[in-house]
Amino acid sequence: MIGNWLDIGPVDQIAPGNARTLPVRGGAEIAVFHTLDGNFYALVNACPHKQGPLSQGIVHGTVVTCPLHNWNISLKTGEALGDDKGCVPTIPLKVDAGRIYLLREAVVGRRAA
Amino acid sequence: MNAPMSFEGAARPAGTRERLVVIGNGMAGCRAVEEILARDPARYAVTIFGAEPRVNYNRIMLSPVLAGEKTFDDIVINTAAWYQDNGIALVAGDPVVAIDREKQVVIAQSGRSEPYDRLLIATGSDPFIIPVPGHDLAGVVTFRDLDDVERMLAAAEKGAPDGGKGRAVVIGGGLLGLEAAHGLSLRGMQVTVVHLMPTLMERQLDEAAGWLLKAELERRGQTILTGGDTGEILGEGGHVTAVRLKDGRELPADIVVMAVGIRPATGLAKAAGLDVERGILVDDHMVTSDPAVLAVGECVQHRGACYGLVAPLWDMCRALADHATGAPSGYAGSVTSTKLKVSGIDLFSAGDFSGGDGAEDIVMRDAARGVYKRVVVKENRLVGAVLYGDTADGSWYFDLLKKGEDISDIREALIFGQAFASGGALADPNAAVAALSDDAEICGCNGVSKGAIVQTIREGACSLDAVRSQCKASASCGSCTGLVESLLALTLGDDVQSGPKSVCKCTSFTHDDVRRLIVEKELRAIPQILQELHWTTPDGCASCRPALNYYLLCAWPGEYEDDQKSRFVNERMHANIQKDGTYSVVPRMWGGITSPKDLRAIADVVEKYDAPMVKVTGGQRLDIFGIRKEDLPAVWADLNAAGMVSGHAYGKSLRTVKTCVGSEWCRFGTQDSTGLGVKIERMTWGSWMPHKFKIAVSGCPRNCAEATIKDFGVVCVDSGYELHVGGNGGIKVRATDLLCKVATEAEAMDVCAAFIQLYREQAHYLERTAPWIERVGLDHVKAGLFDTPDAVTRLAARFRHSQQFMQDDPWAKRAAGEDAELHQHLAEVRPLEFVS
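In this text, all values refer to a predicted model and were calculated from it rather than measured experimentally.

Novice: Just give me the short version of the interface of chain B and chain A, but keep the residues and values in it.
Specialist: Of the residues lining the interface, 45 residues belong to chain B; the matching set on chain A comes to 43 residues. For the pair chain B and chain A, the two sides together bury roughly 3700 Å², of which 56% comes from carbon and sulfur. One can count 3 salt bridges joining chain B with chain A. With its nearest N and O atoms 2.9 Å apart, the salt bridge here joins Glu-828 of chain B to Arg-25 of chain A. Across the contact surface, chain B and chain A share 13 residue pairs in polar contact (both at pLDDT 80 or more). Elements with a contribution of two residues or more to the side of chain B that touches chain A: α17 (544-555) and α18 (569-573) of chain B.

Novice: Residues and numbers for empty space enclosed by the protein, please.
Specialist: Under the definition given, this model contains 3 cavities of 30 Å³ or more. If you add up the space inside the largest cavity, you get close to 100 Å³. Every residue lining the largest cavity is counted, 15 residues in all, and those nearest its centre are Ala-19, Ser-55 and Gln-56 of chain A together with Arg-572 and Leu-822 of chain B. Counting residues per element, the lining of the largest cavity draws most heavily on strand β2 (residues 18-22) of chain A, which supplies 4 residues. Class assignment of the residues belonging to the lining of the largest cavity gives a composition of 3 nonpolar, 7 polar and 5 charged. For the second largest cavity, the calculated volume is near 60 Å³.

Novice: Account for the environment of His-285 of chain B, with residues named and values stated.
Specialist: All names here are of chain B. Take His-285: it is sitting in the loop between β21 (280-282) and β22 (293-295). In this structure the C-alpha to C-alpha distance between His-285 and Ala-763, which are 478 residues apart in sequence, comes to 65 Å. If near-sequence neighbours (up to four positions away) are discounted, His-285 is found in contact with Leu-294, Leu-320, His-323, Pro-328, Ser-329 and Gly-330.

Novice: If you had to explain the domain arrangement of chain B to someone new, which residues and values would you point to?
Specialist: Domain assignment breaks chain B into domain 1 (5-125 + 264-324), domain 2 (140-260), domain 3 (346-425), domain 4 (428-499), domain 5 (569-651) and domain 6 (655-810). Taking only C-alpha atoms into account, the centre of domain 3 of chain B sits 50 Å from that of domain 5 of chain B.

About the thresholds
Residues numbered from 1 in each chain as written. Chains lettered and ligands numbered in written order. Predicted model: local features only at pLDDT ≥ 70, side-chain atom pairs only at ≥ 80, totals over all residues. Heavy atoms only, no water. Contact = heavy atoms within 4.5 Å. Buried area = accessible area lost by both parts, 1.4 Å probe. Salt bridge = Lys/Arg side-chain N within 4 Å of Asp/Glu carboxyl O. Polar contact = N/O pair within 3.5 Å; in protein donor to acceptor, adjacent residues only side chain to side chain. Helix = DSSP H or I, 4+ residues; strand = E, 2+ residues; numbered from the N terminus. 1 Å grid on protein atoms, 1.4 Å probe; cavity = no way out; pocket = protein on both sides within 12 Å on 5 of 7 lines; lining within 4 Å. Points joined across faces, edges and corners; volume = space filled by probe spheres on them. Nonpolar A, V, L, I, M, F, W, Y, C, P; charged D, E, K, R; others polar. Domains from an automatic or database assignment.

Take a look at the structure:
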């Protein structure tokens, strides 16, 4: 089981209300979010609208507001909220003993062809 | 070393019973035995091994013992008589050191071995010790058992070396740490809590409740350092003397309590070859990978979850006993709730309150009573609750949550609690308000009764705003806004007029209300505003957070600490984000004047960082495009080295002062417009505003600097300076209004500073000067500046005061390493085929 999870380091690397990025060689960059509630989520770092870097948006509740055109994206499902339509892939994430893990297949499987 | 003590039970007929050996004389181990005895008292011959030399006590009540509210005897669960009466052999103070699964024998520290038919592991958990230098000094304790409590009491008794109050540093602001801090503080120690995260008890509380808790603990005299990272524990002669944080702060300490978390105690199980991940793996019947070995409590991992609270233990013990007595039922995991055992602080949290899709937050805040309640509803079911200040309904919410009952019938009244929601007809809030008597007080701040409000509405006040201005109800703290709205709806039906626009969907307050109340009530932090002004969301949204951050910055210059996470990306990154996620960088060029040195530095940056484009902007600056966020600090360092600072082309702030060449070169120039432009830019740069702010100075009425479409424009004439305000280009071009004419540069500078400050203090966030002036009228602006003789002087003085905290180049700080994590990736993933 452990082999399927990619350890990306301790939780305190990301302050609550912030996000950090994880570039993937040959794949899509990932944004890892820490909400003010203390939860962690990971999405592909590209808004479904015009690929804005979601990692740079304002985080409120479990929503991030895209910095380019203010689309609200759910951190839980990657879906655009409100009247906007679109979805960005989510990456399964778990926190264990103070470290953040991402599901390996979801990280490296998202490679550009 | 504790000497082993034996409480041997009564003699029992040998060979007739299965032998059950329990490792762990704590709450889980003993409870499991109790549950088994209750089902089948004759089935097992029980032997319990405990590491502590005492009978089983209620570990979660150690906090009241520390606080002096209870004694050890009060918290004993199983007395020596209980072991005796039930024929249980207790081996206390002789911990088990090995399990031989092949021979089915456990071996204790003294060498004693005990054979078993069934083994139950209930070793609980170990406190986690941060491995910082000095963690093993005398005086560094955990908070896990009675010995720890006794060490803390001794330290409190002893006091500081100089005879003063003893000083305690508690590392960890979670449940356990705060209870330890509370106890030590009641025992007369001066307590500092160091917590790594920005919010206390962040796993149980949201930001709002965490803020209330911190404020209350500080009021009680504790020092709470959130965001504090312990670097080292200092000592002298082997005993602790201080804690040093990574930022260099040193906290003197006579005792240090480490309460940063617990880990399942799995050492024995692991050594015996049982399957262990984070905890000992068990199935729904608490059976480990060896069918003869059971495990229960904080040491186990069940369906991926480890628990550190007491309630799940009871559920596990029931399932275990059912299985061990041949009537298996199965444990399905627990929903947990948390209560802080600090007297006088009511705090409750349960379930999942992380919100999210399909989940709806219902928030109620009562600032006067210090109450914050939040329930989270998903698919008509309650999934989470956080209560602070009034936890009377905690158990009711927890019950609804565990049962997963459909709450659609009581949804509207859910947040008001059980008494209200169960009141049948009263479940409709309007009906509840209708049922109030006429003399019931609605607005506590201004003492307005229901009758008086209804009277005001009947006399023609048909909006919230009209009610507020005519009878003052809901005009102060606003906590009765919902009730007043209900009265409007009840009295007028559909004829209620909606009031001015609120800041956002999180509140019914307008921008003006919020700005006024920040000053009146001296609100100094975003969570405090959200609480005092009854925000309906736990942590605001992308609209209100930046607005509140600006309003606080404007109201409390030099005191308010800017909240980076409430800033739009450009202001957080000090550069302009572009459509491809890269940034553009605009160095400041005072008045639009540049030099060979500046130009060389810019050219070097363009080449060094391979910027695909460099462009002259409309504001007379050079814009370098295509810089990656990782490279920004290095780019800034290079520009700083040439003497250039941030151009703030990215901010709701002073952008540029555009100038023409003026009297120095131009044959038409009447005054030194370039010189004045440079002076104005030196005065105004770095100031945060409600929106972007552009200035221009033209040397003659030909107006080559286009001063009449700027927020503040100066047009020089022979006799002095015409000052224009409220212009902008953009979608809807607006030419400026003439504000006044002055004779000297000094006067022009003063009026400029005063006008900016009036705009900063009065406009709504994201309102440029043009719509602001259209909304309030030019006369209002003129009155604010000129009706009282010294208004300009006072406004300008406030602006200059604020500027002394703002004119600090943000690029230089970033180039020196501040907030480095904003520019760095966490890591880079390189799948195997990309590794060369």
